[in-house]
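# Tertiary structure, described
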Amino acid sequence: METVKNFLKQKATNLRIHSILSTSEAGSGHPTTCLSAADIVSALFFHAMRYDCSDPQNPNNDRFILSKGHAAPLLYAAYAEAGIIPTDKLCTLRQIDSILEGHPTPRFAWTEVATGSLGQGLSLGLGMALNGKYLDESDYRVYVLLGDGETAEGGVWEAAALASHYKLNNLIGIVDVNALGQSQRTMYAFDIDTYCQRFEAFGWQTVGIDGHDFEEILPALAQAKASTDKPTMIVAKTFKGKGVSFLEDADNWHGKALAKGEELDKALAELGPLNLDVPVQIESPPAVDTNANLSKTECEPPDYPPDEDVATRGGYGVGLAKLGSANPNVVALDGDTKNSTYAEQFMELHPNRYFEMFIAEQNLVGAGIGLAKRGKIPFVSTFAAFLSRAYDQIRMSAISQANIKYAGSHCGVSIGEDGPSQMGLEDIAMFRAIPEAVVLYPSDAVSAERLVAEAAAHNGIVYLRTSRPQTPILYDADERFYISGCKVIRQDSADKATVVAAGVTLHEALKAHETLAAEGIAIRIIDLYSIKPVDTEALMAAAAETNNTLITVEDHYPEGGLGDAVLEAVATEDVHVHKLAVTGIPRSGKPEELLEHHGISASAIVQKVRDVIA
């Protein structure tokens, strides 16, 4: 054991030196937080964890998540010491053409999830641990290294509660308690007992240790690995800047690299020699069956009586359940709204692939990302309004390049009497702002079912917006819907203008079409079910045939929604776009009253057409 400890001490020294050298070369970074966690990372990477150094995607590798992402130089140093990347590559840290970014991203193959927005790592680890224990039934463990400052984030405690609920003994967290935040001392400083008591209250096994003493680090890791029914949180007292006298436990060094010259030389002299000749033997994980489940997304066709009214959220539930039968990689998560989003239909057919996340939307999304990064296709659902609470996690899912699907129900004022707190009116704008995200907005149950399958077939982020009211079936069961498409559902050579809508407002547009037809005014109707990417060619063609006039109508605020998507698509052409959207803060009322009050009803469309063509 003494030999092991000496080996790990030298590796920790190497990690500290690499971290200081790489940040000094970059002229920026967070070396002091790397120094505080170096002993813990040495014990993890070179003693506790099992992983195949030749394959970052080995399904049975232990997973490591650096929740305190600003310690990225330490992470890269560990992979260099493991022989996975050349040591000289560490000096490319933060350069524009380097895979070693300032905070971890999947541009570096061994980084599965992007971190750096603090408080998210434990939720990501939760998703990976759920996959290992309940889906793959694998024996890999998930290790999450957190900073003490980020434990002030509510998302950490959402994850803590759920990890205990699901008895994730394969999830091991380590809090690096160095007591120094960015601008001041952390809330509990070095009070290790309080951290332990807080996690114990959430149902975790906890171990408080000196995070620089391998006599305590190694037994704590062994105890964590031996747990059979609880996640474990190791709470480690450390010192920021450990090993360098003028940095150790010193204020005002967060995010500062050491200057080359006397300052850097003094630090290196205190740390001791860099020894790159220490042999490394990392335990490989046991082999597992790598026959991946076929990613089928072709489902049984929709089956609705043509005269039946069905909410698009109902179509989502049916489509998701069918998709689950076709593809065993599909999983569903919901935030205690499954009887409203209709994710419960998936749960009833596939209970082993449904995970209830309760009313904890940040954790709902974070766990979904973790599942996605382990090869599953997660559908994450709640009310559209409540996804705004998890917008940072959604933003980070894009940086993580996650193959995740979001479903937001109860959008717009059309939900009626529940009032404005429940109305998703910003969600299209939110998701249109996410890089490379797809935004889909079905208008009937048939299109909702079809678009669920399209979402699953697409590799990347997809947002599916569904509505509460029951609406008529518009399409035949064999109608197909594709990302970036739209449907022209009413047209005539005499059309004076084109109305572009989706969801409930499409049905209002169809009513307006009938009213105007009785007056001898013909209008074209487009179902813009794909809001991002948008079918620019179809919009331009319609505009060219209808006096270069487009009228958009949406159950969403005017900023960033369907209207802006259309406007951006035709902005370089001589096309006039008139937007009807929800303005002001809504109130409770009947859906039809609210559509009328906010100027997105059939009568409002009729009046706008009359005004435009007058």
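Look above for the structure.
Residues numbered from 1 in each chain as written. Predicted model: local features only at pLDDT ≥ 70, side-chain atom pairs only at ≥ 80, totals over all residues. Heavy atoms only, no water.

### Topic: the sheet that holds strand S3 (residues 171-177)
Sheet strands pair by backbone hydrogen bonding; their relative direction is either parallel or antiparallel. Spatial strand order, S1-S2-S3-S5-S4: 5 strands in an open sheet with parallel pairing. Pairing within the sheet leaves two strands with one partner each, and these edge strands are strand S1 (63-66) and strand S4 (205-210). Ignoring strand direction, the axes of neighbouring strands in this sheet form an average angle of 20 degrees. With 6 bridges connecting them, S4 and strand S5 (residues 232-237) associate as parallel partners. Paired with threonine 206 across the bridge in S5 is methionine 233. (Pairing = 2+ DSSP bridges. Helix = DSSP H or I, 4+ residues; strand = E, 2+ residues; numbered from the N terminus. Axes fitted to C-alpha atoms, helices over the stretch in contact; angles between N-to-C directions.)

### Quick look at the packing of aromatic side chains
Inspection of the entire model under this criterion finds 24 aromatic pairs. Look at phenylalanine 431 and tyrosine 463: their rings are 4.1 Å apart centre to centre, the planes differ by 5 degrees, and that puts the pair in the stacked class. Highlighted residues: phenylalanine 431 in helix H14 (residues 427-432) and tyrosine 463 in strand S12 (residues 462-465), separated in sequence by 32 residues. Using a relative accessible area of 0% as the deciding quantity, one classes tyrosine 463 as buried. Connected via pairs of aromatic rings, a cluster forms that spans Phe7, Phe45, Phe46, Tyr51, Phe64, Tyr76, Tyr79, Phe108 and Trp110. The ring of phenylalanine 46 carries lysine 11 above its face, with NZ or CZ at 5.4 Å from the centroid. It is lysine 487 that lies over the ring of phenylalanine 481; its NZ or CZ is 4.9 Å from the centre. (Phe/Tyr/Trp six-rings, centres within 6.5 Å; stacked < 30°, edge-to-face > 60°. Buried < 20%, exposed > 50% of the residue type's maximum accessible area, 1.4 Å probe, protein only. Lys NZ or Arg CZ within 6 Å of the ring centre and 35° of its normal.)

### A short note on the pairing of strand S9 (residues 377-383)
Within S9, 7 of the 7 residues are buried, leaving the element largely enclosed by the surrounding structure. As paired elements, strand S7 (residues 330-334) and S9 share 5 bridges and run parallel to each other. Looking across to S9, one finds that valine 331 is bridged to proline 378. When S9 meets strand S10 (residues 405-409), the two strands line up parallel, connected through 5 bridges. Each residue of the ladder has a partner; that of valine 380, found in S10, is tyrosine 406. With respect to chirality, the unit in which S9 leads through helix H13 (residues 391-399) into the neighbouring parallel S10 is right-handed. (Right-handed = clockwise from strand over helix to strand, strands pointing away.)

### Let's talk about the layout of surface pockets
There is about 340 Å³ of room inside the second largest pocket. In terms of lining residues, the second largest pocket is bounded by 25 residues, among which Leu118, Asp148, Gly149, Glu150 and Gly181 are the most central. (1 Å grid on protein atoms, 1.4 Å probe; cavity = no way out; pocket = protein on both sides within 12 Å on 5 of 7 lines; lining within 4 Å. Points joined across faces, edges and corners; volume = space filled by probe spheres on them.)

### Considering the environment of valine 499
Mapped onto the elements, valine 499 comes out in strand S15 (residues 497-501). Judged by its relative accessible area of 0%, valine 499 is buried. Separated by 27 residues in sequence, valine 499 and isoleucine 526 have C-alpha atoms that sit 6.3 Å apart. Setting aside chain neighbours within four positions, we find valine 499 in contact with Ala509, Ile523, Arg524, Ile525, Ile526, Ile551, Val553, Ile605 and Val609. (Contact = heavy atoms within 4.5 Å.)

### Here's the deal with H13
When we look at burial in H13, the residues that qualify are Gln393, Ile394, Met396, Ser397 and Ala398. Check the buried side of H13 and you find it contacts helix H12 (361-372), S10 and H14. Where H13 ends, the next residue or the one after it, glutamine 401, has phi of about 55 degrees, a positive value.

### Focus on the nonpolar core
The biggest cluster of nonpolar side chains holds 78 residues, and the ones touching the most others in it are Leu122, Leu171, Leu333, Met357 and Tyr406. Among the elements that line this core, the one with the most residues is helix H4 (residues 121-135), at 7 residues. The contacts of methionine 357, once residues within four sequence positions are left out, are Leu126, Leu130, Leu162, Tyr166, Leu333, Asp334, Asn363, Leu364 and Ala367. Ala43, Tyr79, Leu271 and Val278 belong to the second largest nonpolar core, which has 61 residues in total. (Core = buried A, V, L, I, M, F, W, Y, C linked by side-chain atoms within 4.5 Å.)

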